[in-house]
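Coordinates in review
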Amino acid sequence: MKQSILKKDGVNYLYPFILITFCFALWGFANDITNPMVKAFSKIFRMSVADGALVQVAFYGGYFAMAFPAAIFIRRYTYKAGVLFGLGLYALGALAFFPAKLTGEFYSFLIAYFIMTCGLSFLETSCNPYILSMGPEETATRRLNLAQAFNPMGSLFGMFIAMNFIQNKLNSMDTMERSQLTTQEFEMVKESDLSVLIAPYLLIGLVIFVMLLVIRLTKMPRNADQSHSIDFIATLKRIFSRRRYRYGVVAQFFYVGAQIMCWTFIIQYGTHLFMATQGMEEQAAEVLSQKYNIVAMLIFCVSRFVCTFLLRFFKPGFLLTVLAVFASLFTLGIIFFQNVYGMYCLVAVSGCMSLMFPTIYGVALKGLGDDAKFGAAGLIMAILGGSILPPLQAFIIDCKTLLGMPAVNLSFVIPLVCFIVIIVYGYAVRHEK
């Protein structure tokens, strides 16, 4: 008899699972409407790629800052309270784009991003272990992979909105033309572009507020444990004494860094490629690159469902190792091909990445019991990799040419290192169920 992944002790968790899974799509939207904004802000404010990458520093810095406060919060209260608080901060940060636009200052947008991702940190710290708890422990990794499969659907929508309602609607002047504008002309163009950029964020802020009300009015399962005591230091010592968890945090740090770099700098990679090989204008090359990014996300989404199915037959550690090996090989193609095959390799990497986040997460938390709340926080803090590693790649890209190669190609050495770290982790936990 097949074991249901959404029933435990006679309780059916289907409806709560659907609501919380929708939250996965909501933070996927935030992540992937934001990745192309590195290029957009660089153009709007006439900044370098490295300066534009501060968007990712603020975005993923919020994840780092709020992970353990979120864990303490949900230990004191409930997973549902953590979800509600996270949605509240998410909505507040998104709506803060309006006053940020009024200031006209780049750093005001960084503050809005930081507030928004403090909310996302609460959401991920709450939702991931919440999903793990909604059924038998034996099927927890499959259940999380299924929920995470809806994350790229939100990401796809975010990419679509970024391409059609931001990138396509920004002023068509390229970076060089903008640099030649007078101060007054520059301010007029910037004002117009910022009005375009903030509209989707304001709309999603309203959607998030509605979602907050729906979950608030819905009866949701409580935490499995009823203990609200917090022994922070002792808990940290306990969870980090586990080798599988400790190395899982490291692997997650490098995985998130690799994911953000591949999905952010595909715009820079494609723009350079299509301008150099096809003579395209900068804006047209950016939009075409975003189309490839959407294809990559479609492959990621389909692969997530395929991998969830394969987990019924293969151990998570084995699949993680195999996909990380293929990701490394494709990344070598990104580096050394200087034609459209390099872009094909960059798109293919997404198919390999689909399994990685939820599998590392599920394997690392296995057997932690009530400590999973703080364990989840450590893994969410590891999202800091998305804040630290992309600026390193951006600095390389700003060099234009290195070792006789386009710097944007050579910059993918950093994601390559990340995938090698994941290979090592996958091999170490290959016997895990």
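Higher on the page you've got the structure.
These lines cover the structure that appears in this document, whether it is placed above or below. (Residues numbered from 1 in each chain as written. Predicted model: local features only at pLDDT ≥ 70, side-chain atom pairs only at ≥ 80, totals over all residues. Heavy atoms only, no water.)

Looking at the pattern of salt bridges
- Taken as a whole, this structure holds 6 salt bridges when the rule is applied.
- Between Glu282 and Lys39 there is a salt bridge, and its shortest N-O distance comes to 3.1 Å. Residue Glu282 is located in helix H15 (residues 282-310), and its partner Lys39 is located in helix H2 (residues 37-44); the two are separated by 243 residues in the primary sequence.
- Among the residues examined, Glu282 registers a relative accessible area of 9% and is labelled buried.
- Using a relative accessible area of 15% as the deciding quantity, one classes Lys39 as buried.
- The residue Arg178 makes a salt bridge to Asp193 at a minimum N-O spacing of 2.9 Å. (Salt bridge = Lys/Arg side-chain N within 4 Å of Asp/Glu carboxyl O. Helix = DSSP H or I, 4+ residues; strand = E, 2+ residues; numbered from the N terminus. Buried < 20%, exposed > 50% of the residue type's maximum accessible area, 1.4 Å probe, protein only.)

A closer look at the nonpolar core
- Counting 152 residues, the largest nonpolar core has Phe41, Tyr90, Tyr113, Leu197 and Met356 as the members making the most contacts within it.
- If near-sequence neighbours (up to four positions away) are discounted, Met356 is found in contact with Gln252, Tyr255, Leu320, Leu323, Ala324, Ala327, Phe419 and Ile422. (Core = buried A, V, L, I, M, F, W, Y, C linked by side-chain atoms within 4.5 Å. Contact = heavy atoms within 4.5 Å.)

Topic: the environment of Glu138
- Mapped onto the elements of the fold, Glu138 is located in the loop between helix H7 (106-133) and helix H8 (140-148).
- Residue class for Glu138 comes out exposed when judged on its relative accessible area of 63%.
- It is 9.3 Å that separates the C-alpha atoms of Glu138 and Lys366, two residues lying 228 residues apart in sequence.

Focus on the packing of helix H1 (residues 14-34) against helix H11 (residues 183-216)
- Remark: H1 packs on H11, axes separated minimally by 12 Å, with the N-to-C direction vectors making an angle of 165 degrees. If you check the angle between H1 and H11, you find them roughly antiparallel. Remark: the crossing between H1 and H11 carries left-handed chirality. Between H1 and H11, the contacting residues are Leu19, Phe22, Cys23, Leu26, Phe29, Ile33 and Thr34 on the first element and Pro200, Tyr201, Ile204, Ile208, Met211, Val214 and Ile215 on the second.
- Classifying every residue of the contact of H1 with H11 gives 13 nonpolar, 1 polar and no charged. (Axes fitted to C-alpha atoms, helices over the stretch in contact; angles between N-to-C directions. Parallel < 35°, antiparallel > 145°, perpendicular 65-115°, else oblique. Left-handed = near helix turned anticlockwise from the far one by under 90°. Nonpolar A, V, L, I, M, F, W, Y, C, P; charged D, E, K, R; others polar.)

Quick word on unusual backbone geometry
- Positive phi, normally seen in glycine, also occurs at Arg46, with a value near 55 degrees.
- Structurally, Arg46 can be placed in the loop between H2 and helix H3 (49-52).
- The exposure class of Arg46 is partly exposed, given its relative accessible area of 36%.
- Although it is not a glycine, Leu403 adopts a positive phi angle of roughly 55 degrees.
- For Leu403, the position within the fold is in the loop between strand E3 (401-402) and strand E4 (405-406).

Here we look at a nonpolar patch on the surface
- Taken together, Val325, Phe326, Leu329, Leu332 and Phe336 make up a surface patch of nonpolar side chains, about 470 Å² in accessible area.
- Mapped onto the secondary structure, Leu329 falls in helix H16 (residues 316-336). (Patch = residues over 30% accessible without salt bridge, like charges linked within 9 Å, V, L, I, M, F, W, Y side chains within 5 Å. Areas by Shrake-Rupley, 256 points an atom, 1.4 Å probe, with all protein chains shown as cover.)

As for the environment of Ala65
- As for its position among the elements, Ala65 is in helix H4 (residues 54-76).
- Each C-alpha atom of the pair Ala65 and Met381 lies 7.5 Å from the other, and the pair is 316 residues apart in sequence.

Quick notes on the packing of aromatic side chains
- What the rule picks out here adds up to 35 aromatic pairs.
- Look at Phe160 and Phe165: their rings are 6.5 Å apart centre to centre, the planes differ by 65 degrees, and that puts the pair in the edge-to-face class.
- The partly exposed category is assigned to Phe160, whose relative accessible area is 39%.
- Pairing Phe240 with Tyr245 gives two aromatic rings, centres 5.2 Å apart and planes at 75 degrees, and the pair type is edge-to-face.
- The exposure class assigned to Phe240 is partly exposed, which follows from its relative accessible area of 30%.
- Three or more aromatic residues link up through ring pairs in this structure, and these residues are Phe41, Phe45, Phe59, Tyr60, Tyr63, Phe97, Phe106, Tyr107, Phe109, Tyr113 and Tyr201.
- If you follow Arg46 out to its NZ or CZ, it ends over the ring of Phe186, 3.7 Å from the centre.
- Seen from the ring of Tyr247, Arg246 lies directly overhead, with NZ or CZ sitting 5.1 Å from the centre. (Phe/Tyr/Trp six-rings, centres within 6.5 Å; stacked < 30°, edge-to-face > 60°. Lys NZ or Arg CZ within 6 Å of the ring centre and 35° of its normal.)

Quick look at the packing of helix H9 (residues 151-167) against H15
- Two elements in contact, H9 and H15, have axes whose closest approach is 9 Å; the angle formed by their N-to-C orientations is 170 degrees. With respect to each other, H9 and H15 are oriented roughly antiparallel.
- Classifying every residue of the contact of H9 with H15 gives 14 nonpolar, 5 polar and 3 charged.

What about the side chain of Asp193?
- Structurally, the position occupied by Asp193 is in helix H11.
- By relative accessible area, which is 1% here, Asp193 ends up buried.
- With residues near it in sequence (within four places) discarded, Asp193 still touches Ile44, Leu170, Asn171 and Arg178.

Let's talk about the side chain of Lys80
- Mapped onto the secondary structure, Lys80 falls in helix H5 (residues 79-95).
- Lys80 sits in the buried class, given a relative accessible area of 17%.
- Residue contacts for Lys80: discarding those within four places in its chain leaves Tyr130, Ile215, Arg216, Thr218 and Met220.

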